[in-house]
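The residues making up each chain are set out below.
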Amino acid sequence: MKLKLRGKLIFSMGTLIFLTVLLISTLSYLCLQRAYDKNIKVEKEKLDQIIQSQVECMIGVLQAEYDRYQNHEITEKEAMENSKYIVRTTRYNNGTGYFWADMADGTNAVHINPDVEGTNRYDTQDEKGNYFVRDTIAAGDKPEGGFIDFYFAKSGESEAKAKRGFVKKFEPYGWYIGTGNYEEDMLPIIQEELDAANESCLKAITVTYLFGIGIFIIAIIVTSIIAKKMADPIKAASKRLIGLSQGNLSDKVEESKSKDEIGDLTRALAETVQTLRSYISNISASLAELDKGNLKFDIEIDYVGDFAPIKESFQNTIYKLNNTFRNLNMSAKEVANGSEQMANGAMALAQGATEQASSVEELASTINEINSHVAKNAENAKRTSIQAQTTVKELETGKKHMTQMITAMNQMNDSSSEISKIIKTIEDIAFQTNILALNATVEATRAGSAGKGFAVVADEVRNLANKSAEASKNTASLIEATIHSLQEGTDIANQTAESLDHIVLYSEESAKLLLEISKASQEQATAISQVTQGIDQISSVVHTNSATSEESAATSEELSSQAQLLMNMVNQFKIREM
């Protein structure tokens, strides 16, 4: 069973009082028992004084007889016989007390039993093993005599009983005069006094225990009253503390009016509850302001003791929130401005990339067209080379077939006309290729590092175009000379053989030039194909840049809207100005 404070106080005080009363009663009992034992000792000392006085009286009587001998009133023998007779016959205590006399060597000088007189009892022991004769001599040798305790049987009885004796030496005869009383004979003499002392002791013990019980009962009652006065305020304080631990700050504290520690305890508890109530009320009001978004307020009341860090931490939190939201607002503004600028730049970049993509597509279309013309030019050059070789064969055969010269010259005239057209076409292609190469160089310059390779290809294309133009001019000059020769050959047939030799020579050189033109045209076609691939790659990159720019613009717009949203959220709080 769990005891309350009042029960613990009553139990503790009751136990303490009970033990105190028990201790006092026990000490009283021990003191009374000691007084009783001391009374018994005193009574026994009275008995010892009785036997001591009896021995001293006997020695006085014997001394009187010895003085008579000294005064020559009687003889020594008469004095001796009178002394023995006196010791042997003297009685006291209703005839139970008697005397005896022993010598220093243990020989009995006088005894009530004649058979004992003259016997040596120095080594005789009683039933307890005491050498009582030796003890008698030792006690008698003391200056004032001494007491002995031994066991001896009464006259006519066989059982030895406790006996206490006193012995003193009578110097003239060397007798150790002794007498004693059996304890059972002496107890009746002092029994009445012992009974009275015992009764007094019992009464005192009874009174002590009753008094102790009364004190115990009174102390329990007083302790219960005091415990109630002490426990009730503590119980109320404990109940209030339990409510306080459960978060109850509204109930009042019952204050004790006493000036002791209990009163101090209840008053301190009341002050504590009031302090906590004010702190929590202040904190609740501060949190309500925070909930409203107000960060401009200060905590007005003072927090004491270990509560002071709460106020300091709360105030620091408010200051940090102010700084955080202030910096957040500034950052949001900067992010909004930056995102807006980024959006504008991204839109401009996207627009430029789109325009560039259109230009690159147009350039790719032009390059494809040039590639087609160059391919045709290469094919025509190849055919012209074959025809030139055929012309050389025909000229060689013409020497043998002069009769067919007119026809061959007509064919050559026709072929020369076609060659003139082809040369014209080649010159046009070379001119257009040169212009396209210049445009490609300009566009490569605009493309920057990504167009360096394209610029190299454009230079090569321009070189090939220049070579094609030069070869076309040379071929045109040769063809014109051939036509002029053919015209002259028609009029001057006689000079045909010589002219044929020159024509064969010129035709071989033309065949070589046409072969070089064919190779150059093929290389030009390959270069233009590479330029076309580069333009396609540039077009792909430009399209990618355009898409990326559009995505960046969209992301910037989204970032700008998010920054504006963040600014709107921060503006909901009332923060301090710097």
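Conventions used here
- Residues numbered from 1 in each chain as written.
- Predicted model: local features only at pLDDT ≥ 70, side-chain atom pairs only at ≥ 80, totals over all residues.
- Heavy atoms only, no water.
- Helix = DSSP H or I, 4+ residues; strand = E, 2+ residues; numbered from the N terminus.
- Buried < 20%, exposed > 50% of the residue type's maximum accessible area, 1.4 Å probe, protein only.
- Contact = heavy atoms within 4.5 Å.
- Areas by Shrake-Rupley, 256 points an atom, 1.4 Å probe, with all protein chains shown as cover.
- Phe/Tyr/Trp six-rings, centres within 6.5 Å; stacked < 30°, edge-to-face > 60°.
- Lys NZ or Arg CZ within 6 Å of the ring centre and 35° of its normal.
- Pairing = 2+ DSSP bridges.
- Axes fitted to C-alpha atoms, helices over the stretch in contact; angles between N-to-C directions.
- Core = buried A, V, L, I, M, F, W, Y, C linked by side-chain atoms within 4.5 Å.
- Patch = residues over 30% accessible without salt bridge, like charges linked within 9 Å, V, L, I, M, F, W, Y side chains within 5 Å.
- Salt bridge = Lys/Arg side-chain N within 4 Å of Asp/Glu carboxyl O.
- Expected span 1.5 Å × (residues − 1).
- Lys, Arg positive; Asp, Glu negative; His and termini not counted.

(A) Geometry of the overall build of the protein. Along its length, the protein carries nine helices and five strands. For the protein, the sequential pattern of α-helices and β-strands runs α-α-β-β-α-β-β-β-α-α-α-α-α-α. Burial statistics for the protein: of 578 residues in total, 34% are counted as buried. Considering only contacts within the protein whose residues lie at least 6 apart along the sequence, 65% involve residues at least 24 apart. Approximately 35,300 Å² of the protein is accessible, and the part contributed by carbon and sulfur atoms is 55%.

(B) Local environment of unusual backbone geometry. Residue His-72 is not a glycine yet carries a positive backbone phi of 65°. Mapped onto the elements, His-72 comes out in the loop between helix H1 (5-70) and helix H2 (76-89). His-72 sits in the exposed class, given a relative accessible area of 72%.

(C) Representation of the packing of aromatic side chains. In the structure shown here, the tally under the stated rule is twelve aromatic pairs. On the numbers, 5.9 Å between centres and 70° between planes, the contact of Phe-18 with Phe-216 is edge-to-face. Taken together, the residues span a long stretch of sequence, with Phe-18 in helix H1 and Phe-216 in helix H4 (residues 183-245) at a distance of 198 residues. Judged by its relative accessible area of 26%, Phe-216 falls in the partly exposed class. With centroids separated by 5.3 Å and ring planes inclined at 70°, the aromatic side chains of Phe-170 and Tyr-173 adopt a geometry described as edge-to-face. For the pair Phe-170 and Tyr-173, a shared accessibility class is recorded, and that class is buried. Chaining the aromatic ring pairs together yields one cluster made of Tyr-66, Tyr-69, Phe-170, Tyr-173 and Trp-175. One residue, Lys-128, lies across the ring of Tyr-151, its end atom 5.4 Å from the ring centre. Here Arg-134 stacks its cationic end above the ring of Tyr-131, 4.1 Å away from the centre of that ring.

(D) Up close: the sheet that holds strand S2 (residues 108-110). Spatially, five strands are ordered S2-S1-S5-S4-S3 in an open sheet, and the strand pairing comes out antiparallel. Looking along the sheet, the strands with just one partner apiece sit at the ends: S2 and strand S3 (146-153). On average, each strand axis in the sheet is inclined to that of its neighbour by 35°, with strand direction left out of account. In this structure, strand S1 (residues 99-102) lies alongside strand S5 (residues 175-182), joined through four bridges in antiparallel fashion.

(E) Quick peek at the nonpolar core. Grouped together as the largest cluster of nonpolar side chains are 19 residues, with contacts concentrated most on Met-58, Leu-62, Val-87, Phe-99, Phe-170, Trp-175 and Ile-177. Going through the elements one at a time, H1, H2, S1, S2, strand S4 (160-170) and S5 are the ones with two or more residues in this core. Examining the composition of this core, we find that five residues originate from one element, H1, more than from any other. Setting aside residues up to four positions removed in sequence, Leu-62 forms contacts with Ser-83, Val-87, Phe-170, Trp-175 and Ile-177. Core analysis: the next-biggest nonpolar cluster, separate from the first, contains twelve residues, Ile-367, Val-457, Ala-527 and Val-531 among them.

(F) Representation of the pairing of S1. Here S1 shows no split at all, with Phe-99 and Ala-101 on one side and Trp-100 and Asp-102 on the other all buried. Pairing of S1 with S2, which is carried by two bridges, proceeds in the antiparallel orientation. From the neighbouring strand, Asp-102 faces S2, where its bridge partner is Asn-108. Hairpin geometry of S1 and S2 is characterised by an intervening segment of five residues between the two adjacent antiparallel strands and by a positive phi of about 95° at Gly-106.

(G) Looking closely at a nonpolar patch on the surface. Together, Phe-18, Leu-19, Leu-22, Leu-23, Leu-27, Tyr-29, Leu-30 and Tyr-209 line one region of the surface with nonpolar side chains, adding up to about 750 Å² of accessible area. Among the elements that line the nonpolar patch, the one with the most residues is H1, at seven residues. With respect to the secondary-structure elements, Leu-30 resides in helix H1. Exposure remark for Leu-30: the relative accessible area of 48% places this residue in the partly exposed category.

(H) Up close: the pattern of salt bridges. Counted by the stated rule, this structure contains eight salt bridges. Between Glu-65 and Arg-68 there is a salt bridge; the shortest N-O distance is 3.3 Å. Of the two residues, Glu-65 and Arg-68 both sit in helix H1, three residues apart, roughly one turn of that helix. On the basis of relative accessible area, Glu-65 is assigned to the buried category, the value being 12%. The structure contains a network of salt bridges with shared partners spanning Asp-48, Asp-149 and Arg-164.

(I) The environment of Ala-553, seen in detail. Position of Ala-553 relative to the elements: it lies in helix H9 (residues 496-570). In this structure, the C-alpha to C-alpha distance between Ala-553 and Asn-344, residues 209 residues apart in sequence, is 7.2 Å.

(J) Seen up close, helix H5 (residues 261-291). The end-to-end C-alpha distance of H5, which contains 31 residues, comes to 44 Å, matching closely the 45 Å that a straight helix rising 1.5 Å per residue would cover. Downstream of H5 by one or two residues, Gly-293 has phi in the positive range, about 90°.

(K) Fine view of the environment of Lys-311. Here Lys-311 lies in helix H6 (residues 308-400). C-alpha of Lys-311 to C-alpha of Ile-299: the two residues are twelve residues apart in sequence and 7.3 Å apart in space. Other than its neighbours up to four places away in sequence, Lys-311 contacts Ile-299, Glu-300, Ile-301, Asp-302 and Tyr-303.

(L) Region of the structure containing the environment of Ala-458. Looking at the element boundaries, Ala-458 is found in helix H8 (residues 452-491). Residue Ala-458 is classed as buried on the basis of its relative accessible area, which comes to 3%. Taking the C-alpha atoms as reference points, Ala-458 and Ala-437, 21 residues apart in sequence, are found 4.9 Å from one another. In this structure Ala-458 touches Ala-437, Ala-440 and Thr-441, once residues within four positions along its chain are discounted.

(M) Representation of the side chain of Lys-168 in the model. Within the secondary structure, Lys-168 sits in strand S4. No salt bridge is formed by the buried Lys-168; the nearest opposite charge belongs to Glu-56, separated by 4.2 Å. Ignoring any residue separated from it by four or fewer positions in sequence, one finds Lys-168 in contact with Val-55, Glu-56, Ile-59, Gly-140, Pro-143, Glu-144, Gly-145, Trp-175, Tyr-176 and Ile-177.

Structural measurements only, silent on function.
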